[in-house]
Amino acid sequence: MLDQVRQQLAGVCQLVSCADLVQLRAMLFPSPSAPTPAVWPVTEAQGLVEWGELVVDRDGHRVTWRGDPLPLTPTERELLALLIGPPLVVWSYEQLCASVRGGVDTAALQSTVRRLRRRLRGLPGGPHVHTVRGVGYRLDPAPRLNGR
């Protein structure tokens, strides 16, 4: 359903996602004393996302590491694309739960992160998913390739 809305609104307006009703209220009715909540646009479900030599091809439903295919489930692939895609930020648990296709709960997110970490562990120089305690997950910036 969310993908259909994204497609219909592509190029017409900016689509913003919020994790819950509290965040929506804070966006719509900001308190002068409260800090402005961080809101990230919903990531497009297409194109290439790169992190060094790791490439997530969202259109082709493939992930490659140094040109070799990396077998990931669709949920692992989408989570990885979110984490490595711009902006490279700390993603809150709520943002990730809401942004992964079909939506997931916190327990499913933690399980997916655990499996993703296990698969990425074997990649020398590959990304590492870091937990930001009480907030969410992040990756380190990508290594520079050939002076880029």
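Before reading on, note that the structure itself is shown above.
All values derive from a computational prediction rather than experimental measurement.

Undergrad: Honestly, helix 5 (residues 106-120) in this entry has me stumped. Any pointers?
TA: Since one α-helical turn is 3.6 residues long, residues separated by three or four positions face the same way. With 15 residues, helix 5 ought to run about 21 Å at 1.5 Å a step, and its terminal C-alpha atoms sit 21 Å apart, in line with that. Considered for burial, the residues of helix 5 that qualify are Leu109, Thr112, Val113, Leu116 and Leu120. Looking straight down helix 5, one finds that the buried residues subtend no more than 100° of arc, so they occupy a single side. Exposed side of helix 5, more than 90 degrees from the buried face: Ala107 and Arg118 are the residues found there. On its buried face, helix 5 sits against helix 3 (74-84), helix 4 (93-99), strand 6 (129-132) and strand 7 (136-139).

Undergrad: I would appreciate a short explanation of the pairing of strand 2 (residues 54-57) in the present structure.
TA: Along any regular strand, the residues point their side chains to alternate faces of the sheet. In the sheet, strand 1 (residues 48-51) pairs with strand 2 via 4 bridges, with the strands oriented antiparallel. If you follow Leu48 over to strand 2, its bridge partner there is Asp57. From the end of strand 1 to the start of strand 2, which pair antiparallel, there are 2 residues, and Gly52 there has a positive phi angle of about 60°. Pairing between strand 2 and strand 3 (residues 62-65): 4 bridges, direction antiparallel. Note on strand 3: the bridge partner recorded for Asp57 is Arg62. What sits between strand 2 and strand 3 in their antiparallel hairpin is a turn of 4 residues, with His61 showing a positive phi close to 55°.

Undergrad: What exactly am I supposed to notice about helix 3 here?
TA: Burial within helix 3 is extensive, with 9 of its 11 residues counted as buried. Where helix 3 is concerned, the buried positions are Glu76, Arg77, Glu78, Leu79, Leu80, Ala81, Leu82, Leu83 and Ile84.

Undergrad: Explain the environment of Arg138 here, please?
TA: Residue position: Arg138 is located in strand 7. Those residues in contact with Arg138 that lie beyond four places of it in its chain are Leu83, Val89, Val90, His128, Val129, His130 and Val132. Separated by 2.8 Å, the side chains of Arg138 and Asp140 make a polar contact.

Undergrad: Sorry, what's going on with the sheet that holds strand 7 here?
TA: Within a sheet, adjacent strands bond to each other through the backbone by hydrogen bonds, running parallel or antiparallel. Across the sheet, 3 strands lie side by side as 5-7-6; this open sheet has antiparallel pairing. Of all the strands in the sheet, the pair left with one neighbour each is strand 5 (91-92) and strand 6. Relative to strand 7, strand 6 runs antiparallel, the two being bridged by 4 bridges. Bridge pairing links Thr131 to Tyr137 in strand 7.

Conventions adopted
Residues numbered from 1 in each chain as written. Predicted model: local features only at pLDDT ≥ 70, side-chain atom pairs only at ≥ 80, totals over all residues. Heavy atoms only, no water. Helix = DSSP H or I, 4+ residues; strand = E, 2+ residues; numbered from the N terminus. Expected span 1.5 Å × (residues − 1). Buried < 20%, exposed > 50% of the residue type's maximum accessible area, 1.4 Å probe, protein only. Arc of directions from axis to C-beta. Contact = heavy atoms within 4.5 Å. Pairing = 2+ DSSP bridges. Polar contact = N/O pair within 3.5 Å; in protein donor to acceptor, adjacent residues only side chain to side chain.

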